[in-house]
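# Chain and residue survey
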There are 4 protein chains.
Amino acid sequence: MTDTERRHHGNRHGRSEAARQAVLQAADDLLAEKGFAGVTMEGIAARAGVAKQTVYRWWSGKTAVLVDALVEDLAEDLTPPDHGRLALDLPAYLAQLAHVLSATDTGAVFKALIAQAQHDPAFGAGFRARYLDEQRRRDRLPLERAVARGELPAGIDVAAETDRLVGPLYYRVLVTDEPIGRDYTDRLAHDFLDRVLHERGPAAPG
Amino acid sequence: MTDTERRHHGNRHGRSEAARQAVLQAADDLLAEKGFAGVTMEGIAARAGVAKQTVYRWWSGKTAVLVDALVEDLAEDLTPPDHGRLALDLPAYLAQLAHVLSATDTGAVFKALIAQAQHDPAFGAGFRARYLDEQRRRDRLPLERAVARGELPAGIDVAAETDRLVGPLYYRVLVTDEPIGRDYTDRLAHDFLDRVLHERGPAAPG
Amino acid sequence: MTDTERRHHGNRHGRSEAARQAVLQAADDLLAEKGFAGVTMEGIAARAGVAKQTVYRWWSGKTAVLVDALVEDLAEDLTPPDHGRLALDLPAYLAQLAHVLSATDTGAVFKALIAQAQHDPAFGAGFRARYLDEQRRRDRLPLERAVARGELPAGIDVAAETDRLVGPLYYRVLVTDEPIGRDYTDRLAHDFLDRVLHERGPAAPG
Amino acid sequence: MTDTERRHHGNRHGRSEAARQAVLQAADDLLAEKGFAGVTMEGIAARAGVAKQTVYRWWSGKTAVLVDALVEDLAEDLTPPDHGRLALDLPAYLAQLAHVLSATDTGAVFKALIAQAQHDPAFGAGFRARYLDEQRRRDRLPLERAVARGELPAGIDVAAETDRLVGPLYYRVLVTDEPIGRDYTDRLAHDFLDRVLHERGPAAPG
DNA sequence: ATATAACCGAGACGGTACGTCCAGTCTTAAT
DNA sequence: ATTAAGACTGGACGTACCGTCTCGGTTATAT
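Attention in this report is confined to the structure presented alongside it. Because the structure is predicted, anything quoted here is derived from the model rather than measured.

## Details of the interface of chain B and chain A
On the chain A side, the residues contacting the 34 residues of chain B number 35 residues. Here chain B meets chain A over a buried area of about 3,200 Å², counting both sides, of which 55% is carbon and sulfur. Summed over the three residues of chain B that lose the most area to chain A, namely His-119, Arg-164 and Tyr-171 of chain B, the buried surface amounts to 22% of that side. In this structure, the salt-bridge partner of Arg-136 of chain A is Glu-178 of chain B, at a minimum N-O distance of 3.0 Å. Counting every contact that joins chain B to chain A gives 16 residue pairs in polar contact (both at pLDDT 80 or more). Where the side of chain B that touches chain A is concerned, the elements lending two or more residues are α6 (105–119), α7 (121–149), α8 (158–176) and α9 (182–199) of chain B. With 13 residues, α8 of chain B is the largest single contributor of residues to the side of chain B that touches chain A.

## Regarding the side chain of Glu-161 of chain C
All names here are of chain C. Secondary-structure assignment places Glu-161 in helix α8 (residues 158–176). Residue Glu-161 is classed as buried on the basis of its relative accessible area, which comes to 6%. Of the polar contacts made by the side chain of Glu-161, one reaches the side chain of Arg-195; its length is 3.0 Å. Setting aside its immediate chain neighbours within four residues, Glu-161 contacts Leu-143, Ile-156, Phe-192 and Arg-195.

## A look at the relation of the copies chain D and chain C
What relates the two chain copies is a rotation about an axis together with a slide along it. Of the two same-sequence chains, chain D is brought onto chain C (RMSD 0.3 Å, axial shift 0.1 Å) by a rotation of 180°. Accordingly, the operation relating the two chain copies is best matched by a two-fold axis. Ranked by how close their C-alpha atoms come to the rotation axis, the residues of chain D are headed by Ala-115 of chain D, at 2.1 Å. The overlap is high: 94% of the interface residues of chain D also sit at the interface in chain C, so the same surface is used on both sides.

## Brief notes about the relation of the copies chain B and chain A
In the superposition of chain B on chain A (RMSD 0.2 Å, axial shift 0.1 Å), the rotation amounts to 180°. Both copies present the same face, since 97% of the interface residues in chain B are matched by interface residues at the equivalent positions in chain A.

## Structural notes on the interface of chain D and chain C
The figure often quoted for interface size is the accessible area lost as the parts come together. Each partner contributes to the interface: chain D provides 35 residues, whereas chain C provides 34 residues. Of the roughly 3,200 Å² buried between chain D and chain C, counting both surfaces, carbon and sulfur atoms make up 55%. Summed over the shared surface of chain D and chain C, the number is ten salt bridges. A salt bridge links Arg-172 of chain D to Asp-163 of chain C, with the nearest nitrogen and oxygen atoms 2.9 Å apart. The tally of links from chain D across to chain C stands at 16 residue pairs in polar contact (both at pLDDT 80 or more). Contributions of two or more residues to the side of chain D that touches chain C are made by α6 (105–119), α7 (121–149), α8 (158–176) and α9 (182–200) of chain D. With 13 residues, α8 of chain D is the largest single contributor of residues to the side of chain D that touches chain C. Class assignment of the residues belonging to the side of chain D that touches chain C gives a composition of 17 nonpolar, five polar and 13 charged.

Cut-offs applied
Residues numbered from 1 in each chain as written. Chains lettered and ligands numbered in written order. Predicted model: local features only at pLDDT ≥ 70, side-chain atom pairs only at ≥ 80, totals over all residues. Heavy atoms only, no water. Contact = heavy atoms within 4.5 Å. Buried area = accessible area lost by both parts, 1.4 Å probe. Salt bridge = Lys/Arg side-chain N within 4 Å of Asp/Glu carboxyl O. Polar contact = N/O pair within 3.5 Å; in protein donor to acceptor, adjacent residues only side chain to side chain. Helix = DSSP H or I, 4+ residues; strand = E, 2+ residues; numbered from the N terminus. Buried < 20%, exposed > 50% of the residue type's maximum accessible area, 1.4 Å probe, protein only. Least-squares fit on C-alpha atoms with pLDDT ≥ 70 in both. Nonpolar A, V, L, I, M, F, W, Y, C, P; charged D, E, K, R; others polar.

Next comes the structure, spelled out in structure tokens:
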């Protein structure tokens with residue numbers, strides 16, 4: 001470090017935004033490069049060019065850093081589409097969700113944090129309150145909009161139906177680690193639409 | 001160490017079964033008591049009354065110990081029932097699965113290992129090959145038996161349908177951490193039976 | 001850890017002198033109490049009330065600690081006397097040297113390190129450069145002063161003569177482990193003086 | 001090790017001489033190749049193609065093995081010459097001693113054991129009783145023979161004089177690690193002969 | 001302008017656990 | 001009776017991070 005460039009050394013206005021960004025980026029990079037175990041507070045600080053204490057001043061641990069890193073990325077990556085028709089929105093959103101979870105860095109961070117939630121229930125509670133509940137609201141948006149538009153009956157249990165739509169996706173991502181093709185999500189969406197439409201018709205002939 | 005009691009000190013027959021059992025039990029107990037972070041190789045050895053090297057001789061790390069502990073426990077905890085009728089077997093199995101996953105020590109070990117599979121892909125591959133594939137076969141048993149009995153059409157995609165039945169359960173356990181009541185699993189089973197029966201036209205006229 | 005006492009926890013001034021002293025003292029004590037095999041890095045750290053990493057931060061191993069402990073002790077224990085007459089200085093110094101080597105804790109540390117120099121040539125080279133060369137200079141001081149005063153002929157081979165004076169002492173200490181009495185060192189000194197005085201012919205007529 | 005060759009697996013006739021030789025050779029080799037720290041009981045057993053327990057059955061530790069290895073080699077390497085004249089025997093023996101100590105594998109083993117004697121006083125006592133005393137007798141042989149022949153006065157203190165002759169050699173080997181040339185040993189011998197001859201003559205003219 | 005407060009870097013500290021190596025003991029089956 | 005094989009307890013090794021602490025320096029604001 002022989003550079004003579006001017007660097008931030010603190011001020012009384014509050015935290016250094018540059019340091020904050022560098023830390024989040026470093027955590028993201030380390031996770032992508034070396035996996036969750038390769039993310040350490042010391043490693044984050046070193047790669048961000050920041051003192052370890054600076055990281056600890058603002059975050060309680062590496063998972064807290066990753067949560068912040070995730071929050072920045074995820075809202076934009078996972079905005080449900082809104083074409084005005086459930087038959088378009090639902091398959092599109094399921095495909096988008098499957099892709100993000102299984103094939104992006106954001107998904108990797110997400111999986112790591114879901115994993116940490118199993119290992120550390122206290123973290124899990126905070127993570128769910130802070131982040132996951134918001135994600136569930138996003139997951140429900142397509143159905144809720146359809147209800148508002150009258151496409152779906154008002155009495156439908158949106159939360160339960162959403163579980164059945166996204167549940168298999170998370171299951172494949174987290175448990176079986178199988179690839180999720182477009183056909184898989186399309187069939188999921190199609191069968192759902194089929195069922196809810198027939199249910200309110202003259203379903204059972206007997 | 002002046003005790004004269006007889007203890008196992010190794011012999012050419014191979015490993016000590018007593019040590020093996022003690023290690024698995026210790027790992028199980030530690031996970032239940034102190035969580036995943038509280039399980040350490042040193043802690044396992046100490047609680048099992050065994051030298052650390054003995055644990056390392058047979059397992060590569062704490063997750064390997066937990067996998068073995070899980071394998072022993074899980075086969076008996078999760079035997080799918082076989083009453084000969086899918087309408088009985090399916091709800092019973094889903095309820096059993098939900099209970100084991102969310103409310104038993106075995107479930108806690110399972111969640112910890114699924115979590116570790118996210119953190120460590122190499123472990124994940126081994127864990128899935130060694131254990132999860134077997135578990136998926138168990139999950140599919142109710143439907144497969146029903147197909148064999150002729151209760152379900154032979155052309156049904158058992159794997160995909162199983163995903164839709166158990167996916168929401170794993171999702172609730174791993175992601176949302178919400179309690180899963182008997183009504184939840186019953187509705188899952190009921191809706192599935194409803195759908196597959198109607199799909200094949202006016203199947204059972206009564 | 002609810003104590004509120006003030007302790008050193010590191011600062012940017014560099015290392016803790018208290019920790020350094022505690023480590024050297026602990027190493028010294030352990031060697032005296034339990035012998036060389038009883039000196040371990042873990043033991044040193046534990047007895048010094050210091051983290052193991054702190055010892056490793058500043059020393060590469062137990063022998064390095066002992067070298068530092070020795071350097072502190074030895075300069076004062078082995079200051080050659082300077083009465084201005086070789087006939088006084090030489091027997092006094094040889095007796096002092098024999099005593100320190102064979103009957104003090106400092107001597108025990110010295111012997112342990114000489115031993116380690118046999119076992120580990122790389123350590124030996126460093127030890128000799130760092131410490132032994134200085135000790136040899138001390139050993140030569142009585143003769144060199146005598147030459148400077150004109151008591152001894154300028155052409156005398158001080159290094160070789162010193163070898164012959166101290167060599168038998170080290171030999172007895174390291175090899176035969178026999179006690180060295182005052183008569184032994186006095187005869188060594190006396191015979192040396194006798195020889196060098198006669199060598200130059202009718203030297204001191206007066 | 002898939003060989004099916006016949007190997008010794010014990011018998012009721014007593015210890016295996018082949019195993020004994022293999023162990024001693026293995027210890028010697030390991031010391032020469034990897035230094036004292038590289039000699040371990042497990043390593044000896046492995047290299048000798050012998051079970052660890054077999055080594056422990058006959059030796060108490062690696063130093064005991066090395067002592068046995070040394071005893072076999074040393075008697076022949078260090079036999080004092082006997083030409084019937086001290087002026088020939090003494091310089092020859094000193095040169096031989098210096099060479100063995102500083103430039104042979106036997107000398108390396110010897111130095112390692114002298115070192116261990118510093119670290120472990122109990123071993124030191126045994127080593128000196130078992131081996132070193134015999135070596136000291138060998139060291140004194142040239143002078144004792146000269147006394148018997150009348151070359152030296154009967155009243156001479158052979159032990160003390162031997163200390164002064166070999167002490168500087170051991171000192172250089174163990175402490176300073178300087179090379180010992182033939183001139184060094186010759187001067188040692190010459191000066192000794194000079195002194196003891198003049199002492200009994202009309203030494204001090206005054 | 002000058003202090004002062006909030007932040008920054010650097011890095012030493014007490015700890016815990018890691019995974020490895022070797023010591024020395026014990027048991028067994030084969031010779 | 002001795003051997004090879006090898007599992008066992010136990011302890012130290014040297015390393016990696018943890019989370020805490022202290023210090024000296026930087027800089028905008030409040031005096």
